[in-house]
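Commentary on secondary and tertiary structure
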Amino acid sequence: MPEKYKDILFLAAVSSFLIFYKLGEKSLTTWDEILYAQMAKEMFRGGDWLTPTLNGMLRFEKPPLCTGVTAFFYSLFGISEFSARLFSALSGMATVLVTYLFSRKMFSRANALCASLVLLSSLHFFNHAKLGMMDVPVTFFITISLFFFYLGFERQGYYLIMGFSASCALLTKGIAGGVIFFVIGLILLFSKRWSVLKNKYFILGIFISVSLPAIWLLYEYARFGEILISSFFGENISRIGQALDSHQGTWFSYINTVFYKGKLWGGIALLLGGYLLVREFFSKEKDFRFIFLLSWVFTILIIFSAAKTKLHWYIMPIYPPLFMLFAAGCRHIFKKERWLYALPVLSLIFLGYYQVSHPNKFNSNSNALAKHAALHFKTLKQSGDKLFIVGPLEHQVFLFYADAIAEHETPLKKTEPPSGWVIGYQDKDFLKKYVEEKYQLVDETEGVQFFYR
């Protein structure tokens, strides 16, 4: 068997073991993971796999690819934490493999093994590969799209696969997936390879990348009109221009994220990237490989840093090119390739140590109470019962596990509240004032009270 295929099998085995180990063991987390899991469940149950909803309400902030794939996994394996996280886990594993192929194509086998294993064992990337969110899937689609863009310089037909992969990035996370086009633009600007813009395969690839998302948008606009416009474009553009839900930061927020959360080598990789940027700028003979990776890293860093809404997982797409640069830079410094193998070994040892010393950092069971109460509620409710939730119990987690839809208006202050269930937790004075005189206490478990009228 060729050496490359042995490496791929090795990486697939290691990444699948680490990522899939206890993948579905803990309760789903707040907020994004549980929201996407619930949206996928409603998509699966409702049968409309193109229109995302949450709690019965239209939600066009994100396109349907990720929730649609998760809904498909629900149909295969049942509705569970494992199914909700499976697409992200598979994307994490695939990103490791693409990083290996990309780095090997650019540099060498030692560089490729170093970059891919360091990526796998980076705490930030590893943790989110085990969460049912959209950031690792969009990272995979961005990475593989740019991989085929790079291959397209040798074989033009790859531009078509680039376009399809880019469309998947857009259909996963909307406008955020469009960072691919800025990366490509910067690469062409600094490498002065403008002839690509006249290539018919490249033009067709770009057409494919935007046409598939455009078809989805037009289809949904024909059905829902201005709701789509205000939800999809309004939400995404608002995240660029203002800090939504107090998720704000500075220009240095994501640099701090890479240093603090991208351990073991994230911070060093970013510093090394800065060194390589300066070196390449003053070099008389430009290296296209470094132009490519530096354009990729710093485009993502600058664009996401410029956006007003900041959440640490938004920066996830920076890690594959950053660690490819890291391996290449270390090879330049160490001179001998064998030293590269020590870096992922240290990183994997650190990952193992961190998992043992910080067991709750990876898929913490933070919503175990809401899950337990929701499963208990399923034994009490009847089909068609209305549900109202009060107090600090996590609503969306409860709804997912209870297989229920909550009413959007609260009945508690009405003179004649409607019939249905009121689920409350901890705030006994509030419950006593607004609930106990109007609803009957039916059951209680671990401080969660179930009232019915």
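Residues numbered from 1 in each chain as written. Predicted model: local features only at pLDDT ≥ 70, side-chain atom pairs only at ≥ 80, totals over all residues. Heavy atoms only, no water.

Since there are 3.6 residues in each turn of an α-helix, residues three or four apart along the chain are aligned in direction. The terminal C-alpha atoms of helix H9 (residues 179-191), which comprises 13 residues, lie 18 Å apart, in line with the 18 Å expected from a rise of 1.5 Å per residue. Along H9, the residues classified as buried are Val179, Ile180, Val183, Ile184, Ile187, Leu188 and Ser191. Where H9 is buried, its residues touch helix H7 (135-151), helix H8 (158-173), helix H10 (200-224) and helix H14 (288-306). One or two positions beyond H9, positive phi appears at lysine 192, with a value near 60°. (Helix = DSSP H or I, 4+ residues; strand = E, 2+ residues; numbered from the N terminus. Expected span 1.5 Å × (residues − 1). Buried < 20%, exposed > 50% of the residue type's maximum accessible area, 1.4 Å probe, protein only. Contact = heavy atoms within 4.5 Å.)

What follows covers the packing of aromatic side chains. If you walk through the whole model with that rule in mind, you get 40 aromatic pairs. With a centroid separation of 6.5 Å and 80° between ring planes, the pair formed by phenylalanine 153 and tyrosine 159 is classed as edge-to-face. By relative accessible area, which is 25% here, phenylalanine 153 ends up partly exposed. Relative to tryptophan 421, the ring of phenylalanine 377 lies with its centre 5.5 Å away and its plane at 90°, an arrangement referred to as edge-to-face. You can see phenylalanine 377 sitting in helix H17 (residues 368-378) and its partner tryptophan 421 sitting in strand S4 (residues 421-425), a full 44 residues away along the chain. The class for phenylalanine 377 is buried, based on a relative accessible area of 1%. Each member of the aromatic cluster is reached from another via a ring pair, and the members are Phe102, Phe147, Phe148, Phe149, Tyr150, Phe153, Tyr158, Tyr159, Phe202, Phe288, Phe292 and Trp296. Positioned above the aromatic ring of tyrosine 260, the side-chain terminus of lysine 263 is 4.2 Å from the ring centre. (Phe/Tyr/Trp six-rings, centres within 6.5 Å; stacked < 30°, edge-to-face > 60°. Lys NZ or Arg CZ within 6 Å of the ring centre and 35° of its normal.)

Let's shift gears to the sheet that holds strand S6 (residues 448-452). As summarised here, the arrangement of the four strands in space is S3-S4-S6-S5, forming an open sheet in which the pairing is mixed. Of all strands in the sheet, those with a lone pairing partner are strand S3 (387-389) and strand S5 (440-445), marking the two edges. For this sheet, the mean angle separating the axes of adjacent strands, direction not counted, is 20°. Set on the sheet, H17 makes contact with S3, S4, S5 and S6; between it and S6 the angle comes to about 30°. Contacting S3, S4 and S6, helix H18 (residues 395-402) crosses the sheet at an angle of about 150° to S3. (Pairing = 2+ DSSP bridges. Axes fitted to C-alpha atoms, helices over the stretch in contact; angles between N-to-C directions.)

To continue, consider the side chain of serine 91. You can see serine 91 is positioned in helix H4 (residues 81-106). Beyond its immediate chain neighbours, meaning those up to four positions away, serine 91 contacts Val136, Pro137 and Phe140.

Time to look at the pairing of S6. In terms of residue burial, S6 counts as a mostly covered element, since four of its five residues are buried. Two strands pair when backbone bridges link them, and S4 and S6 are joined in this way by five bridges, in the antiparallel orientation. Paired with tyrosine 425 across the two strands is valine 448, which belongs to S6. Two elements, S5 and S6, share five bridges in a ladder whose sense is antiparallel. Residue glutamate 444 lies in a different strand from S6, and its bridge partner there is glutamine 449. What sits between the antiparallel neighbours S5 and S6 is a turn of two residues, in which glutamate 446 has the positive phi angle 50°.

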